[in-house]
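Structure assessment
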Amino acid sequence: MSKQRVVVTGLGAISSLGNANEFWQGLLAGRSGIRKISRFDASSMKTQVAGEVDFDSSYFDVPPKHARRMSRASLLAQAAVQMSLADSKLTPSNGQNQSERCGVALGTANAGFELLLETSIDYRLKGTRIMPMALINGLPNMPSHYVSAYTGAAGPFHTISATCASGTQAIGVGLDQIRAGRADVMFVGGVDTLIHPDVMMAFEAMTVLANKYSDQPERVSRPFDAERGGFVMGEGCGILVLESLEHALGRSASIHGEVLGYATSSDAGHSAAPDSEGRGAANAMLWALEDAGVSHAQVGYINAHGTGTAVNDVMETKAIKRVFGERAY
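This report concerns the structure included in the present document. (Residues numbered from 1 in each chain as written. Predicted model: local features only at pLDDT ≥ 70, side-chain atom pairs only at ≥ 80, totals over all residues. Heavy atoms only, no water.)

Moving on to the overall build of the chain. When helices and strands are counted, the chain shows 11 helices and 9 strands. Taken over C-alpha atoms, the radius of gyration comes to 20 Å for the chain, in line with the 20 Å a tight globule of 329 residues would show. When its C-alpha atoms are laid out on the principal axes, the chain stretches across 60 × 55 × 40 Å. Buried positions account for 43% of the 329 residues belonging to the chain. Long-range contacts, defined here as pairs at least 24 residues apart, represent 73% of the contacts in the chain between residues at least 6 apart. (Helix = DSSP H or I, 4+ residues; strand = E, 2+ residues; numbered from the N terminus. Rg over C-alpha atoms; globule rule 2.2 N^0.38 Å. Buried < 20%, exposed > 50% of the residue type's maximum accessible area, 1.4 Å probe, protein only. Contact = heavy atoms within 4.5 Å.)

As structure tokens, then:
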């Protein structure tokens, strides 16, 4: 039985390089979105740079009353889905005319965490009254909720939390929902907003954040480099509109690309350090190729995890060589 073909018809992004088009053009031009942290005083920290997003919710269709109580992650998600809707030429329902054939699958490491942190700090140190909806809006599934409420997507609903793989897994979940015939359209992607002093200090304690070249932010992130020193914290949101090919053609949608396959795996080992031989990462790639029905010879580009940590970069190199052999070079 042939699998339902699934295509990408909409792109939306909020990033340190700008929106989806600015982000893409910035990547092609080799621009860096990393800069000195401005949201809080990081002068006492070893790591003083991050991929901060310039964001103003008033530019988007977010009622001020809602914006005041939403987490930053939820605000970015609602902005990104507005962009993806416009790009796909789909019409938002803003909660009306709900469609059970449209769904949502967003990935996040810990969306809303900063709202809970700030609420707790304000209450304990300043005696500030706790907002009645603070707990609800601090939950990691809330970006998915706001995307669902804005688009009227009343079908399959998922929030994936798998740290750095969350957004990619969410795309795979959306692919599966359409393939299984449970949805015609899925809003998928990832969001996180963890540039916060408490989060940054916790990562510093793990010695995984890059802190060389802080005076030259564009040089800090250097995965697979002899002078690598860890990863750089960033924030942002990316949302794709996935549709069955039949549905997209039926409305004469413009098609950006096709999602052919995906896979997930687990190292079944340490909670933070990857398997030193990269077996889990290799399995994910091999199974994704199998799911897509393509060979490694047809692959022209790899988007590496590339954390810039000594352990990950060595593991990931081994995994890529395990799958692609001589082509890895």
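From this point on, the discussion continues.
We now examine the packing of helix H3 (residues 72-88) against helix H6 (residues 142-151). Their axes nearest at 8 Å, the elements H3 and H6 cross at an angle of 40 degrees. The angle between H3 and H6 falls in the class oblique. Between H3 and H6 the crossing geometry is right-handed. Residue-level inspection shows Ala73, Ser74, Ala77, Gln78, Val81, Gln82 and Leu85 of H3 in contact with H6, the latter providing Met142, Pro143, Tyr146, Val147, Tyr150 and Thr151. Taken together, the residues of the contact of H3 with H6 break down into 9 nonpolar, 4 polar and no charged. (Axes fitted to C-alpha atoms, helices over the stretch in contact; angles between N-to-C directions. Parallel < 35°, antiparallel > 145°, perpendicular 65-115°, else oblique. Left-handed = near helix turned anticlockwise from the far one by under 90°. Nonpolar A, V, L, I, M, F, W, Y, C, P; charged D, E, K, R; others polar.)

Moving on, we come to the pattern of salt bridges. All told, the structure shown has 13 salt bridges when counted by the stated rule. Because the salt bridges share partners, they merge into one network encompassing Lys3, Arg179 and Asp291. (Salt bridge = Lys/Arg side-chain N within 4 Å of Asp/Glu carboxyl O.)

This part takes up a nonpolar patch on the surface. A cluster of nonpolar side chains, contributed by Phe23, Trp24, Leu27 and Leu28, occupies part of the molecular surface with about 420 Å² of accessible area. Its location among the elements puts Phe23 in helix H1 (residues 20-29). By relative accessible area, which is 32% here, Phe23 ends up partly exposed. (Patch = residues over 30% accessible without salt bridge, like charges linked within 9 Å, V, L, I, M, F, W, Y side chains within 5 Å. Areas by Shrake-Rupley, 256 points an atom, 1.4 Å probe, with all protein chains shown as cover.)

Relative to the helices and strands, Thr307 is located in the loop between helix H10 (279-292) and helix H11 (310-324). For Thr307, the side chain forms a polar contact with the side chain of Asn312, separated by 3.4 Å. Apart from residues lying up to four places away in sequence, Thr307 is in contact with Gly230, Phe231, Asn312 and Asp313. (Polar contact = N/O pair within 3.5 Å; in protein donor to acceptor, adjacent residues only side chain to side chain.)

For the rest of this paragraph, the subject is empty space enclosed by the protein. Applying the stated rule across the entire model yields 1 cavity of 30 Å³ or more. Each pocket or cavity is described by its volume, and for the largest cavity that value is around 30 Å³. Around the largest cavity, the lining residues are Ala210, Lys212, Tyr213, Arg219, Val220, Arg222, Glu227, Arg228 and Gly229. Considering only residue class, the lining of the largest cavity consists of 3 nonpolar, 1 polar and 5 charged. (1 Å grid on protein atoms, 1.4 Å probe; cavity = no way out; pocket = protein on both sides within 12 Å on 5 of 7 lines; lining within 4 Å. Points joined across faces, edges and corners; volume = space filled by probe spheres on them.)

A few words on the nonpolar core. In terms of nonpolar packing, the biggest core is built from 30 residues, with Ile14, Phe55, Val147, Phe187, Cys237 and Ile239 touching the most fellow members. Contributions of two or more residues to this core are made by H3, strand S5 (102-107), H6, strand S7 (185-193) and strand S8 (235-244). Broken down by element, the residue count for this core peaks at 8 residues, all from H3. Once you skip the residues sitting within four places of it in the chain, Cys237 turns out to touch Gly12, Ala13, Ile14, Leu76, Ala77, Ala80, Gly190 and Val191. Counting 13 residues, the second largest nonpolar core, distinct from the first, contains Ile160, Val173, Ile178 and Val259. (Core = buried A, V, L, I, M, F, W, Y, C linked by side-chain atoms within 4.5 Å.)

So, about the packing of aromatic side chains. Aromatic rings in a pair are described by how distant their centres are and how their planes are angled relative to each other. Within the structure shown, the criterion is met by 2 aromatic pairs. Pairing Phe55 with Phe60 gives two aromatic rings, centres 5.6 Å apart and planes at 15 degrees, and the pair type is stacked. In this pair, the class of Phe55 matches that of Phe60, namely buried. Measuring from centroid to centroid gives 5.2 Å for Phe203 and Phe231, while their planes differ by 85 degrees, and the two rings are edge-to-face. Residue Phe203 is found in helix H8 (residues 197-205), and its partner Phe231 is found in the loop between H8 and S8; the two are separated by 28 residues along the sequence. (Phe/Tyr/Trp six-rings, centres within 6.5 Å; stacked < 30°, edge-to-face > 60°.)

If you trace the backbone, Glu316 turns up in helix H11. Summary of buried charges: Glu316 has no salt-bridge partner, and the nearest side chain of opposite charge, Arg228, is 9.5 Å away. At a separation of 2.9 Å, a polar atom in the side chain of Glu316 contacts the main-chain amide nitrogen of Gly306. Each residue touching Glu316, except ones within four places of it in the same chain, is listed here: Phe224, Ala304, His305 and Gly306. (Lys, Arg positive; Asp, Glu negative; His and termini not counted.)

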